[in-house]
Amino acid sequence: MTTGARLDTSVAHNARVWNYWIGGRDNYEVDQRVGEHVAGMFPVIREVARADREFLARAVRHLTAGQGIRQFLDVGTGLPTVENTHEIAQRLAPESRVVYVDNDPIVLVHARSLLTSSPEGVTDYVDADVHDPDTILRRAADTLDLKRPVALMMLGILNFVLDTGEALDIVRRLMAALPSGSHLVLTHPTTDAEVGGAGNVAAMEFWNAHATPPITARSRAEIASFLQDVDGLDLVEPGLVPCSQWRAEPGAAPVPQLGAVAVKR
């Protein structure tokens with residue numbers, strides 16, 4: 001595996017800061033400093049990071065055990081931690097095939113730890129950018145049968161596509177290439193004050209001035225457009241909700257990160 005991107009440890013990077021927030025060790029002092037500053041401005045961010053990871057686990061279990069999905073395309077996977085997509089899916093269905101997609105050099109360095117699999121299944125890694133869906137699909141087709149249902153996992157990735165129209169186009173192009181019975185799984189930070197999202201604005205302004213890549217939060221309506229304005233998608237209950245509350249235990253507190261699962265008719 002090769003990449004033209006250079007690992008820069010002088011500037012905080014999202015993959016490493018996120019890793020720091022969830023208690024990982026694959027980060028540097030600059031990531032810790034920025035992570036602590038953002039957490040000081042927006043204390044709920046650590047809960048958001050954990051909730052996003054827990055949502056992934058519940059969604060993968062639902063798709064694998066409940067919907068018979070055996071193929072996963074995980075775009076913007078970030079650094080491997082515990083309970084990665086392939087581990088959850090292959091525990092329930094060892095024949096599951098999982099393709100991870102990212103273009104961050106430190107994720108590439110750690111890809112070897114992702115590239116493990118049950119003997120019956122396959123796990124692969126594609127070095128590609130979310131802005132280039134055609135390359136993602138072409139490379140993923142080396143491992144996945146795109147004529148059979150696929151779960152497209154887009155957790156915390158569309159917030160790095162700053163133009164909402166472009167982000168919607170990416171979702172449309174990826175889902176258009178997948179057959180009926182495929183699913184879209186996404187999470188996205190929100191500015192909605194009802195779930196504490198107002199604090200995202202200042203925190204992201206600081207982030208964009210001191211770290212990379214730039215990021216944006218969106219309103220509930222803008223996030224909903226990624227589900228409602230894509231042909232043939234039907235939301236799975238309970239719809240678009242704080243990811244901490246999607247099919248979670250009763251009483252789970254909301255976080256300013258919305259999550260949803262939709263199925264393609």
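Whatever comes next refers back to the structure up there.
What you see is a predicted model, and the numbers here were worked out from it, not measured in a lab.

Q: Got a sec to walk through the environment of Asp234? Specific residues and values, please.
A: Mapped onto the fold, Asp234 is located in strand 8 (residues 233–235). Reaching out from Asp234, the side chain makes a polar contact with the side chain of Arg265 at a distance of 2.5 Å.

Q: So what's going on with the pattern of salt bridges? Residues and values would help.
A: In total, this model carries 9 salt bridges according to the counting rule given. Within this structure, Asp134, Asp169 and Arg173 form a network of salt bridges that share partners.

Q: Could you give an account of the nonpolar core, with specific residues and numbers?
A: Counting 88 residues, the largest nonpolar core has Phe72, Leu73, Leu152, Met154 and Leu184 as the members making the most contacts within it. Among the elements that take part in this core, helix 3 (residues 45–67) stands out by supplying 10 residues, more than any other. The residues touching Leu152, leaving out its near neighbours within four places in the chain, are Leu73, Val75, Leu174, Met175, Leu178, His183, Leu184 and Val185.

Q: If you had to explain the pairing of strand 3 (residues 97–102) to someone new, which residues and values would you point to?
A: Burial runs high along strand 3: 5 of the 6 residues are buried. Pairing of strand 2 (residues 71–75) with strand 3, which is carried by 5 bridges, proceeds in the parallel orientation. What sits directly across from Phe72, in strand 3, is Val98. Of the pairings in the sheet, the one linking strand 3 to strand 4 (residues 122–127) comprises 6 bridges and is parallel in character. When the bridges of strand 4 are listed, Tyr100 appears paired with Tyr125.

Calculation notes
Residues numbered from 1 in each chain as written. Predicted model: local features only at pLDDT ≥ 70, side-chain atom pairs only at ≥ 80, totals over all residues. Heavy atoms only, no water. Helix = DSSP H or I, 4+ residues; strand = E, 2+ residues; numbered from the N terminus. Polar contact = N/O pair within 3.5 Å; in protein donor to acceptor, adjacent residues only side chain to side chain. Salt bridge = Lys/Arg side-chain N within 4 Å of Asp/Glu carboxyl O. Core = buried A, V, L, I, M, F, W, Y, C linked by side-chain atoms within 4.5 Å. Buried < 20%, exposed > 50% of the residue type's maximum accessible area, 1.4 Å probe, protein only. Contact = heavy atoms within 4.5 Å. Pairing = 2+ DSSP bridges.

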